[in-house]
Amino acid sequence: MVFPMVFLKLADWVLYQLLANSCYRAARKVRNYGFFLRNQTPRSSSSLQQPGSLFPSVAHFDLSNDTKIPRTLVCDIHGVLLRTETFFPYFMLVAFESGGILRAFLLLLSCSFLWVLNYELKLRVMIFISFCGLRKKDMESAGMAVLPKFYLENLNLQAYEVWSKTSSRVVFTSIPRVMVEGFLKEYMSVDDVVGTELQTVGNRFTGLLSTSGLLVKHKALKGYFGEKKPDVGLGSSSHHDHQFISLCKEAYVVDGRNNQSCVMPREKYPKPLIFHDGRLAFLPTPLATLCMFLWLPFGIVLAIFRILVGICLPYRLAVFWGCLSGVQLRFQGCFPPPNSQHKKGVLYVCTHRTLLDPVFLSTALCKPLTAVTYSLSKMSEIIAPIRTVRLTRDRKKDGETMQKLLSEGDLVVCPEGTTCREPYLLRFSSLFAELADEIVPVAMNAQVSMFYGTTASGLKWLDPIFFLMNPRPSYHVQILGKVPPEFTCAGGRSSFEVANYIQRKLADALGFECTTLTRRDKYLMLAGNEGVVHDNKRN
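Analysis parameters
- Residues numbered from 1 in each chain as written.
- Predicted model: local features only at pLDDT ≥ 70, side-chain atom pairs only at ≥ 80, totals over all residues.
- Heavy atoms only, no water.
- Salt bridge = Lys/Arg side-chain N within 4 Å of Asp/Glu carboxyl O.
- Helix = DSSP H or I, 4+ residues; strand = E, 2+ residues; numbered from the N terminus.
- Buried < 20%, exposed > 50% of the residue type's maximum accessible area, 1.4 Å probe, protein only.
- Axes fitted to C-alpha atoms, helices over the stretch in contact; angles between N-to-C directions.
- Parallel < 35°, antiparallel > 145°, perpendicular 65-115°, else oblique.
- Contact = heavy atoms within 4.5 Å.
- Nonpolar A, V, L, I, M, F, W, Y, C, P; charged D, E, K, R; others polar.
- Left-handed = near helix turned anticlockwise from the far one by under 90°.
- Expected span 1.5 Å × (residues − 1).
- Arc of directions from axis to C-beta.
- Polar contact = N/O pair within 3.5 Å; in protein donor to acceptor, adjacent residues only side chain to side chain.
- Pairing = 2+ DSSP bridges.
- Patch = residues over 30% accessible without salt bridge, like charges linked within 9 Å, V, L, I, M, F, W, Y side chains within 5 Å.
- Areas by Shrake-Rupley, 256 points an atom, 1.4 Å probe, with all protein chains shown as cover.

Going through the model one piece at a time under the given rule, you end up with 19 salt bridges. D76 is paired through a salt bridge with K217; the nearest N and O atoms lie 3.0 Å apart. Here the residue D76 occupies a position in the loop between β1 (69-75) and α3 (77-81), and K217 occupies one in helix α12 (residues 217-225), the gap between them amounting to 141 residues. Judged on exposure class, the residue D76 and its partner K217 are both buried. With its nearest N and O atoms 2.3 Å apart, the salt bridge here joins E186 to K271. With a gap of 85 residues between them, E186 in helix α11 (residues 177-186) and K271 in the loop between α14 (259-262) and α15 (286-312) connect regions that are remote in the sequence.

What follows deals with the environment of T488. Assignment of secondary structure puts T488 in the loop between β15 (474-479) and α21 (495-510). Residue class for T488 comes out buried when judged on its relative accessible area of 2%. With 51 residues separating them along the chain, T488 and D437 place their C-alpha atoms 6.1 Å apart.

This part is about the packing of helix α4 (residues 88-99) against helix α5 (residues 101-109). Their axes nearest at 6 Å, the elements α4 and α5 cross at an angle of 155°. For the element pair α4 / α5, the angle class is roughly antiparallel. On α5, the residues that touch F88, F91, M92, A95, F96 and G99 of α4 are I101, R103, A104, L107 and L108. For the contact of α4 with α5, the class distribution of residues is 9 nonpolar, 1 polar and 1 charged.

A few words on the packing of α5 against helix α7 (residues 119-131). Relative orientation of the contacting elements α5 and α7 amounts to 165°, with a least axis distance of 9 Å. Classed by the angle they form, the pair α5 and α7 counts as roughly antiparallel. The crossing of α5 and α7 is right-handed. On α7, the residues touching R103, L106 and L107 of α5 are M126, I129, S130 and F131. For the contact of α5 with α7, the residue count by class is 5 nonpolar, 1 polar and 1 charged.

Each α-helix winds once per 3.6 residues, and so residues spaced three or four apart point in a common direction. Between its terminal C-alpha atoms helix α19 (residues 395-408) stretches 20 Å, which fits the 20 Å expected from 14 residues at 1.5 Å a residue. Of the positions making up α19, those classed as buried are D398, G399, M402, L405 and L406. Buried residues of α19 fall within an arc of 130° about the axis and therefore sit on the same side. Projecting away from the buried face of α19 at angles above 90 degrees are the exposed residues K396, K397 and K404. Packed against the buried residues of α19 are β9 (347-350), β10 (370-373), β11 (387-390) and β12 (411-413).

Turning our attention to unusual backbone geometry. Positive phi values are uncommon outside glycine, yet C366 reaches one of about 55°. Within the secondary structure, C366 is located in the loop between α17 (357-365) and β10. Residue R393 is not a glycine yet carries a positive backbone phi of 70°. Note that R393 resides in the loop between β11 and α19. Owing to a relative accessible area of 36%, R393 belongs among the partly exposed residues under this scheme.

This part takes up the side chain of S174. Take S174: it is sitting in strand β2 (residues 166-176). Only 2.9 Å separates the side chain of S174 from the side chain of Y119, close enough to count as a polar contact. Apart from the residues within four sequence positions on either side, S174 is in contact with Y119, L123, T196, L214 and L215.

Turning our attention to the sheet that holds β2. Strand order in the open sheet formed by 5 strands is β3-β2-β1-β6-β7, and the pairing between neighbours is parallel. Each edge of the open sheet is held by one strand with a lone partner, namely β3 (192-196) and β7 (250-253). Each strand axis lies, on average, 20° off the axis of its neighbour in the sheet, ignoring direction. Pairing of β2 with β3, which is carried by 4 bridges, proceeds in the parallel orientation.

Strand order in the open sheet made by the 7 strands is β8-β15-β14-β9-β12-β10-β11, with mixed pairing throughout. Looking at strand neighbours, the two that pair on one side only are β8 (328-333) and β11, the edges of this open sheet. Along the sheet, successive strands turn relative to each other by an average axial angle of 25°, direction set aside. Judged from the 3 bridges that link them, β9 and β12 form a sheet pairing that is parallel. Opposite Y348, over in β12, you have V412 as the bridge partner. Running at roughly 40° to strand β14 (residues 439-447), α21 makes contact with β9, β14 and β15 of the sheet.

Looking now at a nonpolar patch on the surface. Residues F305, L313, L317, F320, W321 and L324 make up a contiguous nonpolar surface patch of roughly 560 Å² in combined accessible area. Ranked by the residues each element gives to the nonpolar patch, the list is headed by helix α16 (residues 315-324), at 4 residues. Looking at where F320 falls in the secondary structure, it is placed in helix α16. By relative accessible area, which is 47% here, F320 ends up partly exposed.

The following block contains the structure:
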């Protein structure tokens, strides 16, 4: 009987402390908010600048020098380098992409009480839910393949302009180091990252902080630099950041309220964003995440309906019912006439956005096509409304296979060998140029708002389902004219010249950039392998 009584007393004390503290903080927030409402009078310009009055705005930093200044800059990523007010969306990305949908749902439920907790408790709760039991390699994968896209999209332009003018940079943050270090070193060329360390057991996180606890920035800065002062410090208008940047020779405050001048355009990214992974196509704020979970049951039913429409109905009816279900289709270009002069079929060369590229091309042409692919799951083969043939990556065998298929009819090939989500085209394989003289380039582009229909490290058989789960997915199919004979191998061009010519032509049609990157580069970056699917057969 002793243990139950002790347990009940302990639980009673914990509950009392939690409720007392939470109610007290909630009351203070309500009082402060009410005071703000009662005093909504026009404020002078001096009062608007009051939060940052101790230190000048980052806009006052001298950016006239085009070269890097040999100075050391220190700052935080949260509230300074990033424009987002809360770090919740990035914890949600870790929970959803690395931990699964149940963990993400649990994190969403925590929003019901997170708002009454102070910053430290809020961070500890989000860390525990997001990391408890999570494998280290899954977090490392998300840190390099998923999070950088969202960090880049939310970079603060004003803070980055100061960042780019300094030669040495150190980031101090109370956010877990594993969440930001990969991005900061790969894209921002940071010299060092000092952040909150997490406890691990074996190859998994416990969800608890290490013995050093939550990082306190001004104390960590003193411990890192000692008596030496950093040259430049960037901080937010919070009191804790004022303590932090007051230890620097020069200090500037980043004001996150002026969003227009702080938005980072894609062309100014510190490094081009070409590859990224993960299913979520939106920044998962609490409200956006709630909308996603509410949509999920309808999305699954809608995806099944759209698949059945594509499989069972004729092309015209499939287009009608597809558009009625929310799929936005746009077909344009030069539709080639039936090939009556040649025994061979027409070779359609497509950009590769999702596994559904050949399906939408077949729908646009209203005729059956054969698609060749390097890797396709059994599930995708079953639900595909067109014929699919696997290639082996043996150039000679694949050439013979494609020649045979061309003799039977029209053929679709995606010479990039893998999908790319961003406005870039990967290097084209030149094999297709050696097989046919009648080549029709097809510029394809797909847009989603909720889920990506491609993955490098996830379950590929779910790719078409995730794409079709979007409320209003869109596909743009632009059929360009046949390649002129003088630009084919029959006209004296090499296969590499033909491939490069078609790549440039498709990039111009879509407004994309050409790259020399390959499937191997993508998978080495996102999945840590070369993207080769091996048969599970024993010799």
